[in-house]
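Understanding the architecture of this molecule
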Amino acid sequence: MPSTEELKQTAANLLHSKGLHLVSFHVIQLLWAGYGYICRIQAIPTTSLSLTTRKNKPISLILKHITPPPTGGTLTESHTRKLLSYQVEQYFYATLAPLMPPDIPVASCISCNDTTTGRNTMLLLTDLKETYPVPGELHAELSSPQVYAALDWLADFHAFWWGRVSDFDRESLCRPPLEHLRQHSGDRDLRCENVWLNGGYTYFATRRDEFRDLLQDETSEWAEALSAAPAIGYPSVAELVARILAPSKDRHTVSPYETLIHGDVKSENLFTTTNGTTAAFYDFQYVGLGLGVTDLAKLFTCSVPPAMLVVDRHEGRMSEGEEKLLRYYLERLLRRSGKKYEWVVFVRHWETAVVDWLRFQASWGFWGNTDWLEGRARAILRDGGWRGWLVDEAI
Ligand SMILES: Nc1ncnc2c1ncn2[C@@H]1O[C@H](COP(=O)(O)OP(=O)(O)O)[C@@H](O)[C@H]1O
Ligand SMILES: [Mg+2]
């Protein structure tokens, strides 16, 4: 990892190339497992340096500086996922975010380095805290206005990309880590200049090892429930669910609803305005194709206050609270996109995303609204209507 002085110099050079002069610099966070730094920077235009009265208020910027730790030659699935994720994020900010309208707030990319020439990734972003000062994780869970603000942002983001993902060149989308390694085994460096083919980092194709461990766990009710086939002669529920959610051009009943998903929706990845009514998301390392409901499944489990969801007493069926939030999201999605998504179809997709998220947490470890998630998953897995739909859709 570079020293703070080296980092400061890198920041000054990056700013200089953009006609900006470094005024102050401090590291605000180390990235996960020593992969780099996040720094807050104040800068002023170089032109205003010569002015005797410095009228320009410094602008606040964020530097996300990635220097992956050495691997000793072995590329694990998780390290590969991380390395690719920073390139995906850079691609998103540099290429896709500028296409979005300003009323779906994301940070603007002031500068980023050319990742084809080295392993380090640098992103210089506008500081969202200037307009959205309240971090989502300030309290353990979001407040009610913040939940609606997050749903607004997600509905708008999903709606915007819904009509556009069919234009993406699927061949160049970033494959799951192990598949990417196989495809590019001769390459010296890992490269990906696009978003993920499958958004998120919990989908089945990238979590096989954990699932195998779950199946060995005789104390878990989920080993049996997820490995059972929904009908004789069919693959397991976990497998069919994964097939439905995996982006595919050919699955006519699901692919028309595919959009770009954020891929890591939780309170720690958003800021809101002081009154909590408008949210801005960041952390686009796992942005890629998928159904919008997958973003919702993580949000509901990890960040929505349990009182807004309460599983009803009638055997874990969808509660009024859950339905209210889902209908709110869907109405906004439809208003913004001008497209059609029947409630019954949407609910089947939602139920499928809940079971898939449960599969991840059962394999990885539970956190968040566990009672709600397990209660809902039990009810969905028991529901003959859903199982019949799953079999029809996935084959
Ligand atoms: N554009 C931004 N504006 C303000 N703060 C940001 C911005 N991007 C990231 N941050 C800050 O940096 C922290 C880490 O960024 P993030 O992209 O979520 O990386 P990671 O989750 O991999 O650590 C965030 O929690 C946030 O406080
Ligand atoms: Mg984050």
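With an unreviewed UniProt entry as reference, the chain is termed Kinase-like domain-containing protein, source organism Favolaschia claudopus.

Each helix and strand in the chain was counted, giving twelve helices and ten strands. Against the 2.2 N^0.38 benchmark of 21 Å for 395 residues, the chain shows a C-alpha radius of gyration of 22 Å, consistent with a compact globule. If you line up the chain on its principal axes, its C-alpha atoms span 80 × 50 × 40 Å. By the burial criterion, 55% of the 395 residues in the chain qualify as buried. Partitioning the contacts of the chain with sequence separation of at least 6, the portion at a separation of at least 24 is 70%. Per element, the accessible surface of the chain, about 17,900 Å² overall, is 51% carbon and sulfur. Charge centroids of the chain, computed over 40 positive and 47 negative side chains, lie 5 Å from each other.

Moving on, we get to the coordination of the magnesium ion (ligand 2). Protein coordination of the magnesium ion (ligand 2) is provided by Asn269 (OD1) and Asp283 (OD), with donor distances spanning 2.2 to 2.3 Å. Of this pair, asparagine 269 sits in the loop between strand E7 (259–261) and strand E8 (270–272) while aspartate 283 sits in the loop between strand E9 (279–281) and strand E10 (288–290), placing them 14 residues apart in sequence.

Now for the site of ligand 1. Residues in close proximity to ligand 1 total 15 residues, the closest being Lys64, Thr126, Leu128, Asp283 and Gln285. Within the contact set of ligand 1, a nitrogen atom lies 2.9 Å away from a backbone nitrogen or oxygen of leucine 128. Within the side chain of asparagine 269, an N or O atom sits 3.3 Å from an oxygen atom of ligand 1. Computed on the free molecule, ligand 1 has an accessible area of 540 Å², of which 87% lies beneath the protein chains in the complex. Elements with a minimum of two residues in the shell around ligand 1: strand E2 (36–45) and strand E3 (59–66). The class makeup of the residues in the shell around ligand 1 is seven nonpolar, four polar and four charged.

Moving on, we come to the packing of aromatic side chains. This structure, assessed with the given rule, holds 30 aromatic pairs. Summarising the aromatic geometry, the rings of tryptophan 357 and phenylalanine 360 are spaced 5.2 Å apart at their centres and angled 45° between planes, so their arrangement reads as tilted. Placement of both tryptophan 357 and phenylalanine 360 in helix H10 (residues 343–364) is noted, with a separation of three residues, approximately one turn of the helix. For the residue pair tryptophan 357 and phenylalanine 360, the accessibility class agrees, reading buried in each case. Each member of the aromatic cluster is reached from another via a ring pair, and the members are Phe92, Tyr93, Trp153, Phe157, Phe281 and Phe284. Of note, arginine 327 hangs over the ring of tryptophan 343, and the distance from its end group to the ring centre comes to 3.8 Å.

Looking now at the state of the cysteines. Scanning the model with the defined rule gives zero disulfides in all. With no disulfide of its own, cysteine 39 lies closest to cysteine 109 among cysteine sulfurs, the gap being 15 Å.

Taken in spatial order, the three strands line up as E6-E8-E9 in an open sheet, and their pairing is antiparallel. Since the sheet does not close on itself, it has two edges, and those belong to strand E6 (134–135) and E9, each with one partner. When E8 meets E9, the two strands line up antiparallel, connected through three bridges. Looking at the pairing, leucine 270 lines up with phenylalanine 281 of E9. On the sheet, helix H3 (residues 144–162) packs against E6, E8 and E9 and is oriented at approximately 55° with respect to E9.

Bringing the sheet that holds E3 into the picture now. The strand order across the open sheet formed by five strands is E1-E2-E3-E5-E4, and the pairing between neighbours is antiparallel. The open sheet has two free edges, formed respectively by strand E1 (20–30) and strand E4 (109–112), since each of these has just one partner strand. Across the sheet, the mean angle from the axis of one strand to that of its neighbour is 20°, orientation sign disregarded. Note that E2 and E3 share eight bridges and pair antiparallel. Within E3, the residue paired with isoleucine 41 across the bridge is leucine 61. Strand contacts of helix H1 (residues 4–16): E1, E2, E3, E4 and strand E5 (121–126), with the helix running at about 135° to E1, the strand carrying the most contacts. Where helix H2 (residues 77–96) meets the sheet, it contacts E3, E4 and E5, and its direction lies at approximately 40° from that of E5.

The rules behind the values
Residues numbered from 1 in each chain as written. Chains lettered and ligands numbered in written order. Predicted model: local features only at pLDDT ≥ 70, side-chain atom pairs only at ≥ 80, totals over all residues. Heavy atoms only, no water. Helix = DSSP H or I, 4+ residues; strand = E, 2+ residues; numbered from the N terminus. Rg over C-alpha atoms; globule rule 2.2 N^0.38 Å. Buried < 20%, exposed > 50% of the residue type's maximum accessible area, 1.4 Å probe, protein only. Contact = heavy atoms within 4.5 Å. Areas by Shrake-Rupley, 256 points an atom, 1.4 Å probe, with all protein chains shown as cover. Lys, Arg positive; Asp, Glu negative; His and termini not counted. Charge placed at Lys NZ, Arg CZ, Asp CG, Glu CD. Donors = N, O, S within 2.8 Å, 3.2 Å for Na, K, Ca; no water. Near = heavy atom within 4 Å. Polar contact = N/O pair within 3.5 Å; in protein donor to acceptor, adjacent residues only side chain to side chain. Nonpolar A, V, L, I, M, F, W, Y, C, P; charged D, E, K, R; others polar. Phe/Tyr/Trp six-rings, centres within 6.5 Å; stacked < 30°, edge-to-face > 60°. Lys NZ or Arg CZ within 6 Å of the ring centre and 35° of its normal. Disulfide = S-S within 2.5 Å. Pairing = 2+ DSSP bridges. Axes fitted to C-alpha atoms, helices over the stretch in contact; angles between N-to-C directions.

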